[in-house]
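# Structural overview
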Amino acid sequence: MSRILKRRVMGAIWLVVLSLPRFGFAQGPAMTTVRDTVYKSDGSLASGTVVITWRPFVTADNKPVFGGSKTVPLSNGSLAVALVPNVGGTPSGTSYNVKYYQSGSVFSEETWVVPSSNALSSPDAPIISNAGAPGTTTYYYWVSAANEAGETLLGLSAMTATSNSTLDGTNYNEISWNAVSGAASYRVWRTSTSTAPSGTGNYLVGETSATSINDQSNSLQQATVPFLNDTDPRLLADVRVTSAPSSTVTLAASQVNGTAIVSNPSATQSINAPPKAGVIPLQIKGQPQANANTLEIYDSQASPALQSYFNPQGALVSHQPLTADHVLSGLGDHIVQGGAPDASFTTISRLWLDAAIDYNPAFAFKSLNPPSTHPVGGVSLVESNSASAQYLQGFSAVGVSNHSTGTRPSASGMEGVAIQNGGGTITDLAGGYYRTDTLAGTSTNTYGVLIDGNTNSGGTVTNNYGLKILNQTVGNANYAIQTGLGKVQFGDDVIASTINNVRYADQFPGANAGAKIAAAIADLPSTGGTVDARGFEATQTVAQNIFSGVTKPVNLHLGCATYQISAVQAIATANVKIVGEPCTTFQAAAGLGSNPIFQTISTDTQFLGRFVIDGNSIAVAGIQVNGASADRILVSGPEIKNTAGATNWGIWFTNTFAGTAWVNGETFIHNAGHAIAMEGAAGTLMVSHVRIQDATGMGVRCIRARYCQVASSLIDNPTDVGIYSIFSDDMNVHNNR
């Protein structure tokens with residue numbers, strides 16, 4: 001068969017800009033770099049270790065900082081460390097304790113108070129443009145800014161997945177960024193992975209005073225990546241504090257209701273409050289850490305008596321015994337057991353139960369066997385006739401956690417538990433029951449339950465759930481949420497692992513996309529089903545055979561992602577359908593070796609859609625088919641490429657295949673060895689509406705086939721012949737070009 005048509009596209013320039021997103025996390029506190037040279041007493045440069053410790057504080061811009069420690073090396077006198085400034089913070093007077101160790105346990109000690117600085121900001125993520133011929137190489141770029149004092153940390157990264165693999169004066173990447181106020185120059189860094197460069201290595205593209213640079217070489221310069229922002233450093237003379245704190249702090253009359261803090265006292269310190277009408281002045285003493293108590297509260301008698309104190313663990317301890325009168329003040333006789341509560345119950349003003357002062361009752365309210373068809377443990381009824389009242393709550397329960405160290409397993413504003421502990425039957429057992437009634441007037445919106453969001457930003461919230469329902473497993477029918485016939489509306493993304501029996505692979509556990517898809521397939525029933533993997537985007541990893549051990553029909557849908565395949569995808573079960581989009585790519589990766597990307601020996605395997613199977617010049621075949629006489633294989637629409645080499649195939653039907661294969665639907669095979677090779681023992685091959693280009697072997701090759709048909713197809717520029725058949729029972733070729 002002669003080569004009929006050859007097409008070549010020249011001079012195309014592709015521009016792809018991909019930038020990693022800037023996530024909406026709260027901005028951390030500003031940092032100040034302390035940088036100086038440290039000498040020994042004989043004038044030589046000091047070496048050793050510097051240990052810096054500090055207590056918790058809140059910065060001047062209201063950022064909470066946990067207490068902790070930092071150890072930094074001191075080499076040839078060079079000291080450099082980044083710390084959160086504590087000037088103007090709360091409590092006032094906080095400091096960093098600094099110990100210089102030269103050898104063993106011998107050290108010198110000093111105190112630092114760190115001011116803020118006007119360091120340069122790290123640059124934003126750059127913008128990347130590809131010049132020349134596009135490619136498929138991925139690079140990540142970072143930018144740092146510098147002035148006469150030093151250099152910033154690396155800014156956010158940006159990524160291009162369409163770089164030419166060879167960078168030169170024709171094919172190169174242009175990196176540009178926004179100017180940083182005060183910067184004199186910039187350095188541009190490059191890696192081939194998303195991991196930011198660190199230490200010393202070959203990472204540097206170049207340095208410039210402009211806001212753009214062209215990356216025109218695969219080689220990189222060796223340089224040291226900045227490990228702190230030292231563009232506005234502070235010297236030791238700027239942070240050292242040599243004066244001792246005052247032993248007594250006296251408040252003015254206008255400050256009696258304010259707050260005063262004694263921080264890290266080296267000796268006993270006192271805070272004295274002067275008299276004020278209606279206020280009992282107290283004396284607060286901060287004791288050295290070696291003492292039994294850290295903070296003591298005295299009354300204002302001529303000889304002040306100790307009332308309460310904080311112990312070394314931070315707990316407040318009352319020095320006076322607590323009686324029941326303190327707890328039940330205002331409650332009177334209104335504690336009942338059995339019988340109906342009387343009307344005077346409405347006069348209860350307060351029930352105060354304080355577990356922090358050694359009074360921890362088992363029940364705040366307890367009602368035993370009240371004679372009623374609706375027995376309740378406690379009722380809170382609030383009626384308001386005021387038109388000016390903004391909020392009305394029948395009952396409010398607020399839990400406040402003030403612990404500063406350690407981890408509590410939970411904290412709840414209110415917990416509702418309903419317990420069935422008898423032999424009878426309760427039709428509806430509910431931990432909480434909510435109802436709204438509009439008896440008159442107008443209620444604009446009514447909610448059985450209204451859950452507000454977390455509105456405070458002073459702390460750190462790892463995961464924020466408006467409503468979280470744990471697994472329901474003990475019933476014959478288990479539902480996390482069940483509704484009647486009413487509508488359900490969601491205002492944003494809905495995430496679920498299963499909807500209408502479709503498994504959504506990105507919501508299943510796994511180390512990578514391949515593991516998650518395998519987990520979703522494993523979750524299908526024995527009768528099989530559909531796995532939707534369209535939630536995966538960008539570059540994904542498949543490091544295992546996702547069909548390993550699968551014995552059920554699978555309908556796998558894939559979306560816009562590049563799957564880097566390092567293990568053969570071997571299909572051994574019947575009725576497997578793989579459906580992809582034009583933006584779906586299966587790409588051979590390191591670890592695949594000389595094995596095919598897909599291998600199937602199953603009945604009714606289907607590869608559907610205009611997705612891409614990219615051999616990346618290392619795979620034997622894009623699809624390798626083995627099977628018996630009853631097997632049927634359909635390949636319709638995908639693009640198979642870069643399975644280069646005279647003995648490497650786009651689609652290879654081996655000598656064990658004796659079934660029927662259809663390759664159609666505008667399938668496009670290029671840069672392959674033999675584009676389609678049938679070596680089956682009495683196999684049948686039907687090729688129609690297929691485009692084959694630049695085959696390094698043959699376009700279609702049939703050996704020992706029972707029947708081969710090639711119709712309405714385009715075979716362009718094969719190295720050998722377009723269509724080849726030998727020892728086949730029947731060959732039908734028509735309407736091809």
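Here is what the cut-offs are and how they apply
Residues numbered from 1 in each chain as written. Predicted model: local features only at pLDDT ≥ 70, side-chain atom pairs only at ≥ 80, totals over all residues. Heavy atoms only, no water. Helix = DSSP H or I, 4+ residues; strand = E, 2+ residues; numbered from the N terminus. Disulfide = S-S within 2.5 Å. Buried < 20%, exposed > 50% of the residue type's maximum accessible area, 1.4 Å probe, protein only. Pairing = 2+ DSSP bridges. Axes fitted to C-alpha atoms, helices over the stretch in contact; angles between N-to-C directions. Contact = heavy atoms within 4.5 Å. Phe/Tyr/Trp six-rings, centres within 6.5 Å; stacked < 30°, edge-to-face > 60°. Patch = residues over 30% accessible without salt bridge, like charges linked within 9 Å, V, L, I, M, F, W, Y side chains within 5 Å. Areas by Shrake-Rupley, 256 points an atom, 1.4 Å probe, with all protein chains shown as cover. Salt bridge = Lys/Arg side-chain N within 4 Å of Asp/Glu carboxyl O. 1 Å grid on protein atoms, 1.4 Å probe; cavity = no way out; pocket = protein on both sides within 12 Å on 5 of 7 lines; lining within 4 Å. Points joined across faces, edges and corners; volume = space filled by probe spheres on them. Nonpolar A, V, L, I, M, F, W, Y, C, P; charged D, E, K, R; others polar. pLDDT = per-residue confidence, 0-100.

Non-glycine residue asparagine 642 carries a positive phi angle of around 60 degrees. Residue placement: asparagine 642 occurs in the loop between strand E39 (639-641) and strand E40 (649-653). The phi torsion at glutamate 666 lies on the positive side, around 60 degrees, for a residue other than glycine. If you trace the backbone, glutamate 666 turns up in the loop between strand E41 (660-664) and strand E42 (668-670).

Considering all chains together, one arrives at two disulfides under this definition. Residue pairing for cysteine 560: its cysteine sulfur links by disulfide to cysteine 583, the two sulfurs lying 1.8 Å apart. Its torsion about the S-S bond being -60 degrees, the disulfide of cysteine 560 and cysteine 583 is classed as left-handed. A residue pair is termed long-range when its members are at least 10 positions apart, and cysteine 560 in the loop between strand E29 (554-558) and strand E30 (561-565) and cysteine 583 in the loop between strand E32 (576-579) and strand E33 (585-588) qualify at 23 residues. With a relative accessible area of 44%, cysteine 560 lands in the partly exposed category. Owing to a relative accessible area of 31%, cysteine 583 belongs among the partly exposed residues under this scheme.

Quick look at the sheet that holds E39 now. Reading across from one edge, E28-E30-E33-E36-E39-E42-E45-E48 is the order of the eight strands in this open sheet, with parallel pairing throughout. With one partner strand each, in any of the chains shown, strand E28 (538-542) and strand E48 (714-716) form the two edges of the open sheet. Here the average twist between neighbouring strands, direction ignored, is 15 degrees. Examined bridge by bridge, E33 and strand E36 (residues 612-614) share three bridges and lie parallel to one another. Bridge assignment links glutamine 587 to a residue of E36, and that residue is aspartate 614. Where helix H3 (residues 513-523) meets the sheet, it contacts E28 and E30, and its direction lies at approximately 65 degrees from that of E28.

Summed over the entire model, instances satisfying the criterion amount to 12 aromatic pairs. When the centroid spacing of 5.7 Å and the interplanar angle of 80 degrees are considered together, the rings of phenylalanine 586 and phenylalanine 611 count as edge-to-face. With phenylalanine 586 in strand E33 and phenylalanine 611 in the loop between strand E35 (605-608) and E36, this pair connects stretches of sequence that are 25 residues apart. Comparing phenylalanine 586 with phenylalanine 611, the two get one shared label, buried. With 5.3 Å between their ring centres and 45 degrees between their planes, phenylalanine 653 and phenylalanine 657 make a pair best called tilted. Just as phenylalanine 653 is buried, phenylalanine 657 falls in that class too.

All right, on to a nonpolar patch on the surface then. A surface patch of nonpolar side chains, amounting to about 850 Å² of accessible area, comprises Phe395, Met414, Tyr434, Val449, Ile451, Leu467, Ile469 and Ile481. Assignment of secondary structure puts isoleucine 451 in the loop between helix H2 (324-327) and strand E25 (498-499).

Applying the stated criterion to the full structure yields one cavity of 30 Å³ or more. For the largest cavity, the calculated volume is near 70 Å³. What lines the largest cavity is simply Ile517, Val542, Ile546, Phe547, Leu556, Leu558, Tyr563, Ile565, Gln569, Phe586 and Phe598. Its residues placed into classes, the lining of the largest cavity shows 10 nonpolar, one polar and no charged.

A few words now on the sheet that holds strand E9 (residues 106-112). The antiparallel open sheet is built from five strands, whose spatial order is E6-E3-E8-E9-E18. A strand with exactly one partner marks an edge of an open sheet, and here the two such strands are strand E6 (68-74) and strand E18 (240-241). Pairing analysis gives five bridges linking strand E3 (residues 48-54) to strand E8 (residues 96-103), with the strands arranged antiparallel. Residue pairing in the sheet places valine 50 in a bridge with tyrosine 100 of E8.

On to the confidence of the model for the protein, then. When pLDDT is low, close inspection of the predicted coordinates is not appropriate. On average, residues of the protein carry a pLDDT of 80, and 79% of them reach 70 or more. Highest mean pLDDT in the protein belongs to strand E14 (residues 185-191) (97); lowest belongs to strand E1 (residues 18-19) (36). Within the model, the stretch residues 323-364 combines pLDDT values under 50 with 38 contacts to residues more than four positions away or in other chains.

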